[in-house]
Amino acid sequence: MDIPDPVSVESVGSFSDEVDVLVIGAGMAGVSAALEARESGARVLVIDAGGRLTCTSAMAGGHFYLGGGTEVQRATGWDDSPEAMADYLTLMSPECDPAKIRSYADDSVEHFRWLESLGFEFTREFYPHKAVVQPGTEGLSFTGNEKCLDVASVAKVAPRGHKVPVPGDTGGASLVVGLALDLLDARGVEVRWETGATALLVDGTAVAGATWKDLDGATGAIKAGSVVIAAGGFVLNRDMLEAHAPDLLAVESNGMALGNTHDDGLGIRMGQSVGGVADHLDKVFLTGPFYPPGEALRGIVVNKLGKRFVNEDSYHSRTSAHVFEQPERTAYLILDSATMVEPAYRFQPLVDGWDTVAEMERGLGIPAGALAETLTAYNEAAARGEDPEFHKVPEHLVPLDRGPWGAYDLTPGKCFYAGFSCGGLRVSVDGELLREDGSVVRGVFAAGACASNIAIDGKGYASGIQLGEASYFGRRAGRRAAPAQR
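All residue numbers refer to position in the chain's written sequence, counted from 1. The predicted nature of this model means local features are confined to residues of pLDDT at least 70 and side-chain atom pairs, given and counted, to a pLDDT of 80 or more, with totals for whole chains, interfaces and linings taken over all residues. Computation of side-chain values: all heavy atoms of the structure, hydrogens and water removed.

- Going by the annotation in an unreviewed UniProt entry, the name recorded for the chain is FAD-binding protein, with Saccharopolyspora mangrovi given as the source organism.
- UniProt positions are given in the numbering used here, feature names are shortened, and annotations may be inferred rather than shown by experiment. The annotation that UniProt attaches to the chain under Cofactor (unreviewed entry) is "FAD".

Spelled out as structure tokens, the structure:
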């Protein structure tokens, strides 16, 4: 929780390096910022507390949330526009700065091409099924809440999850970050590994570099015309979680923090040390998806009172966010004998099976008659292909009236959940660090998981937004940080 005191330039006897732009962190945001700063003519140095590809970005499956009419969308027959993309993101993240959403949507096709210029191509194929990450190399899928009927009635539907051509759940983002690192090397930009920033240097009210410490204990200071902080989130800092995002503590008993050792919030705290403020630190991404298979979406999710509280076909972190809001965080996935399947990830334990709904109510501790009432109403509407309460898409609507019935436990601690922090430093659309009054802290920028941009919380999240915004806003920060733009 300690905020490191900034160090005055006048107190530094000598500098280990002097550059135009110092980038702290070599994940997706950092490498994107460094490439753009170098392209703008800046002398750039990148430091990272870990090793090559130990960043959290490299752990991701490789979805980038892109739209507006990308080549993959057009090749697979999907009509999309920047306006439709912005409408959807605004619906999902109403607290986000509209200028950021509009910019991200307007520039999405150009950003798609920039990503491919790193040295790979998204496969021009569409994956039609409900999945967390498509198992093959298809380059496009729905990765958010676009297909939910209550969303489709407001925003034009199009798939925008662009997956890197690496099969399976992992390795895609690692490929992209690796290609960016190779380009930095080819363009003469040093990435200094196992060298972590410890504090920001200041010259008056402006940031002028950073101090560092490496794995061997050596220390020093780097003088820079500007600094881009891309040092990750705070999911591995228990003190910060307790203070700001206690929901993430649920992964300690049965789950996994989606982060690397250095996701300790230091980047956020360094920004605060020079007058920056942080937004949405209480917002998190949490997930324990019960699909695939997609057939699991034919069940209903109820709380300890036997009531539904979310459309079951929503994006998995949205479903999880609603679970965490229920009484005692208790929730169950209910299936009948015709719909019973085993979730592929096996995160949720099967509680039991029961011959009657009344026995199921007793077995789950649900008030007598409550679940029966929920099932009766749901089954009657599902038989008509309707879900007036939560608007589940018709393809997943079937009556659950064929006993016996079974229940999977979605309760945190019993169900395995994974998660990461969403909040970060308040920044402009160009990554400039902002004070509480909206003024800019000169000489310092932030991007990626330590900045607050579009990925504000789990309810509005779609797979690919984190990598998409990290790379896009990282580029904007790097470009703005270069001397030619200052």
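## Some words on the packing of helix 5 (residues 108-117) against helix 13 (residues 465-481)
- Interhelical geometry of helix 5 versus helix 13 gives an angle of 95 degrees and a closest axis separation of 11 Å. Classified by the interaxial angle, the pair formed by helix 5 and helix 13 is roughly perpendicular. From helix 5, Glu-110, His-111, Trp-114 and Leu-115 reach across to helix 13, where they touch Gly-468, Ser-471, Tyr-472 and Arg-475.
- Taken together, the residues of the contact of helix 5 with helix 13 sort by class into three nonpolar, three polar and two charged. Here an angle of 0 to 180 degrees is reported between the N-to-C directions of two axes, which are lines fitted to C-alpha atoms, with helices fitted over the stretch in contact. The way it works is that DSSP assigns letters per residue, a run of H or I at least four long becomes a helix, a run of E at least two long becomes a strand, and they are numbered from the N terminus. Any angle that falls under 35 degrees is termed roughly parallel, while one over 145 is termed roughly antiparallel, one within 65 to 115 roughly perpendicular, and all others oblique. Contacts are residue-level and defined by heavy atoms, with any inter-residue pair within 4.5 Å sufficient. Classes in brief: Ala, Val, Leu, Ile, Met, Phe, Trp, Tyr, Cys and Pro nonpolar; Asp, Glu, Lys and Arg charged; the others, Gly included, polar.

## Quick word on helix 10 (residues 316-323)
- Of all eight residues making up helix 10, seven are buried, and the element is well covered by its neighbours.
- Using a 1.4 Å probe on the protein chains alone, a residue whose accessible area is under 20% of its type maximum counts as buried, one over 50% counts as exposed, and one in between counts as partly exposed. Along helix 10, the residues that are buried comprise His-316, Ser-317, Thr-319, Ser-320, Ala-321, His-322 and Val-323.

## Looking at the layout of surface pockets
- In this analysis, the protein atoms alone were mapped onto a 1 Å grid. Cavities are point sets where a 1.4 Å probe fits without being able to get out; pockets are open sets with protein on both sides within 12 Å along at least five of seven lines; lining residues have an atom within 4 Å of a point. Grid points are joined across faces, edges and corners, and a volume is the space filled by probe spheres set on the points. When its volume is computed, the second largest pocket comes out at roughly 390 Å³.
- Looking at side-chain class alone, the lining of the second largest pocket contains 10 nonpolar, seven polar and seven charged residues.

## Considering the sheet that holds strand 11 (residues 255-257)
- Strand pairing is defined by DSSP finding a minimum of two bridges between the two strands. As summarised here, the arrangement of the three strands in space is 11-18-13, forming an open sheet in which the pairing is mixed. Every interior strand has two partners, whereas the edge strands, strand 11 and strand 13 (284-287), have only one. The average undirected angle you get between the axes of adjacent strands in this sheet is 15 degrees.
- Relative to strand 18 (residues 417-421), strand 13 is paired through four bridges, and the arrangement is antiparallel. By the bridge assignment, Val-284 is partnered in strand 18 with Ser-421.

## A short note on empty space enclosed by the protein
- Across all of its chains, the model carries one cavity of 30 Å³ or more by this definition.
- Space inside the largest cavity adds up to approximately 80 Å³.
- Taken together, Gly-288, Pro-289, Phe-290, Tyr-291, Glu-312, Ser-314, His-316, Thr-319, Ser-320, Val-323, Leu-410 and Tyr-417 make up the lining of the largest cavity.
- The dominant element in the lining of the largest cavity, judged by the number of residues it contributes, is helix 10, at four residues.

## Thoughts on unusual backbone geometry
- Note that the residue after Tyr-291, namely Pro-292, is joined by a cis bond; omega there is 5 degrees.
- Considering the arrangement of structural elements, one finds Pro-292 in the loop between strand 13 and strand 14 (300-303).
- Cis geometry marks the peptide bond from Gly-403 to Pro-404, where omega comes out at 0 degrees.
- Within the secondary structure, Pro-404 is located in the loop between helix 12 (370-383) and strand 17 (405-409).
- Positive phi, normally seen in glycine, also occurs at Glu-328, with a value near 55 degrees.
- Tracing the sequence through the fold places Glu-328 in the loop between helix 10 and strand 15 (331-336).
- Phi is positive for His-391, which is not a glycine, with a value near 65 degrees.

## Structural notes on the pairing of strand 2 (residues 17-24)
- In terms of burial, strand 2 is largely enclosed, as seven of its eight residues are buried.
- In this structure, strand 2 lies alongside strand 10 (residues 219-229), joined through seven bridges in parallel fashion. Counterpart to Ile-24 in the pairing with strand 10 is Ile-229.
- Relative to strand 3 (residues 44-47), strand 2 runs parallel, the two being bridged by four bridges. Bridge pairing in strand 3 links Val-21 to Val-44.

## Here we look at the environment of His-111
- Assignment of secondary structure puts His-111 in helix 5.
- Take His-111: its relative accessible area is 1%, and that puts it in the buried class.
- Other than its neighbours up to four places away in sequence, His-111 contacts Leu-66, Gly-468, Ser-471, Tyr-472 and Arg-475.
- Here a polar contact means two N or O atoms within 3.5 Å. Within protein one must be a hydrogen donor candidate and the other an acceptor candidate, and residues neighboring in sequence count only if both atoms are side-chain atoms. At 3.0 Å, the side chain of His-111 and the side chain of Arg-475 are in polar contact.

## Details of the nonpolar core
- Nine residue types can take part in a nonpolar core, namely buried Ala, Val, Leu, Ile, Met, Phe, Trp, Tyr and Cys, and a core is a set of them joined through side-chain atoms within 4.5 Å. Residues Leu-22 and Leu-200 are the most contacted members of the largest nonpolar core, which totals 127 residues.
- If sequence neighbours within four positions are ignored, Leu-22 has contacts with Leu-45, Ile-47, Ala-210, Ile-222, Ala-224, Ser-226, Val-227 and Val-228.

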